[in-house]
Amino acid sequence: MKKHLLLSAFILTGLVSCSNEQSVINTAESMKTPEVEAFDKAFTSLGDPKNQPTAEEKRRNSVELSDRRKEVILPASKALITSTGISEAEMNSKTGGDKNKIIAWALDISFKKKEEIYKTMKAGN
């Protein structure tokens, strides 16, 4: 009987600790803005089979994304930048409409927002 009771207590402790970890993860995810989530999903979608580099793109042996793959990320990048209060006209004047600069700017915003989330989470613990 003691073995069953001890085993049950051990399992219950494990379940509670796993439950707490999941709530921390869910809280971090829920703190992301929809634009940050869309941007993350756009980057993740680069791993989808239809967005993989073609044989020709691989032959170029470049670390830069192809124009085709940039187009996958560009709408989410623009949405993330405009969500910070920057107008599309201002964004185009600062970047000259350069896809690389727009994507880099959105990456910077995304990293900063995630850093704020983690600092907030750390301060709450």
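Everything quoted here is computed from the prediction, not taken from an experiment. Numbering of residues starts from 1 in every chain and runs along the sequence as written. Per-residue local features are limited, in this predicted model, to residues with pLDDT of at least 70; the limit for side-chain atom pairs, both in listing and counting, is 80 or more; totals at the level of whole chains, interfaces and linings are taken over all residues. Calculation of side-chain values draws on the structure's entire complement of heavy atoms; hydrogens and water are dropped beforehand.

Asks: I'd like a description of the overall build of the protein, backed by residues and values.
Replies: A run of DSSP states H or I qualifies as a helix once it reaches four residues; a run of E qualifies as a strand once it reaches two. Both are numbered from the N-terminal end. Helix and strand content of the protein: six helices and zero strands. Each helix and strand of the protein, placed in order from N terminus to C terminus, yields the pattern α-α-α-α-α-α. Only protein chains enter the accessibility calculation, which uses a 1.4 Å probe; a residue whose area is less than 20% of its type maximum is buried, one above 50% is exposed, and one in between is partly exposed. Across the 125 residues that make up the protein, the buried fraction comes to 24%. Counting only contacts in the protein whose residues sit at least 6 apart along the sequence, the fraction spanning at least 24 positions is 64%. For the protein, the accessible area works out to roughly 8,900 Å², and carbon and sulfur atoms hold 59% of it. Residue contacts are counted whenever heavy atoms from the two residues lie within 4.5 Å of one another. Calculation of accessible area relied on Shrake-Rupley with a 1.4 Å probe; when residues are assessed, cover is drawn exclusively from the protein chains displayed.

Asks: Pulling in residues and values, what's your account of the packing of helix α2 (residues 34-44) against helix α6 (residues 99-124)?
Replies: Put simply, α2 and α6 touch, their axes get as near as 11 Å, and they point 120° apart. The orientation of α2 relative to α6 falls into the category oblique. Crossing of α2 against α6: the hand is left-handed. Taken together, the residues of α6 that come into contact with α2 (itself represented by Val36, Phe39, Asp40 and Phe43) are Ile103, Ala106, Leu107, Ser110, Lys113 and Lys114. Gly falls in the polar group here, along with every residue not listed as nonpolar (Ala, Val, Leu, Ile, Met, Phe, Trp, Tyr, Cys, Pro) or charged (Asp, Glu, Lys, Arg). Residues of the contact of α2 with α6, tallied by class, amount to six nonpolar, one polar and three charged. Only the stretch in contact is used when a helix axis is fitted, and all axes are lines through C-alpha atoms; the angle between N-to-C directions ranges over 0 to 180 degrees. When an angle is under 35 degrees it counts as roughly parallel; over 145 it counts as roughly antiparallel; between 65 and 115 it counts as roughly perpendicular; any other value is oblique. Here a crossing is taken to be left-handed if its near helix is turned anticlockwise relative to the far helix by less than a right angle, and right-handed if that turn runs clockwise.

Asks: Summarise the layout of surface pockets; cite the residues concerned and give the values.
Replies: Remark: the empty space left among the atoms is shown by a probe the size of a water molecule rolled over them. Of the pockets and cavities examined, the largest pocket occupies roughly 170 Å³. Pro53, Glu57, Lys58, Arg60, Ser62, Val63, Glu64, Leu65, Ser66 and Arg69 are the residues that line the largest pocket. A per-class count over the lining of the largest pocket returns three nonpolar, two polar and five charged. Buriedness for pockets is judged along seven lines, at least five of which must meet protein on both sides within 12 Å for an open set on the 1 Å grid over protein atoms alone, while cavities are sets there where a 1.4 Å probe fits but cannot get out, and lining residues have an atom within 4 Å of a point. Grid points are joined across faces, edges and corners, and a volume is the space filled by probe spheres set on the points.

Asks: Lay out helix α4 (residues 67-82) in plain terms, naming residues and giving numbers.
Replies: For α4, which comprises 16 residues, the first-to-last C-alpha distance of 22 Å matches the rise-based estimate of 22 Å (1.5 Å per residue) to within 8%. A bend of about 40° at Ile73 is the largest found in α4, and the proline Pro75 appears one to four places after it. Close packing links the buried residues of α4 with α2, α3 (55-59), α5 (88-95) and α6. How far a helix is expected to stretch is found by multiplying one less than its residue total by 1.5 Å. Bend, at a single residue, is the angle you get between axes fitted to the 7 residues ending at that residue and the 7 residues starting at it.

Asks: Tell me about the side chain of Ser45, and name the residues and values.
Replies: Mapped onto the fold, Ser45 is located in the loop between α2 and α3. Reaching out from Ser45, the side chain makes a polar contact with the backbone oxygen of Ala42 at a distance of 2.6 Å. Ser45 has contacts with Asn51 and Val72, leaving out every residue within four places of it along the chain. Two N or O atoms count as a polar contact when they lie within 3.5 Å, although within protein this holds only if one can serve as hydrogen donor and the other as acceptor, and sequence-adjacent residues are included solely when both atoms are side-chain atoms.

Asks: Explain the nonpolar core to me, and be specific about the residues and the numbers.
Replies: Counting residues in hydrophobic clusters, the biggest one holds 15 residues, and the most contacted among them are Phe39, Ile73, Leu80, Ile81, Met91, Ile102 and Ala106. Counting only elements with at least two residues in this core, the list comes to α2, α4 and α6. Sort the elements by how many residues they give to this core and α4 lands first, with five residues. In this structure, Ile73 is in contact with Phe39, Ala42, Phe43, Leu46, Leu65 and Ile103, ignoring residues within four places of it in sequence. Joining through side-chain atoms within 4.5 Å is the link that ties buried Ala, Val, Leu, Ile, Met, Phe, Trp, Tyr and Cys residues into a set, and such a set is a nonpolar core.

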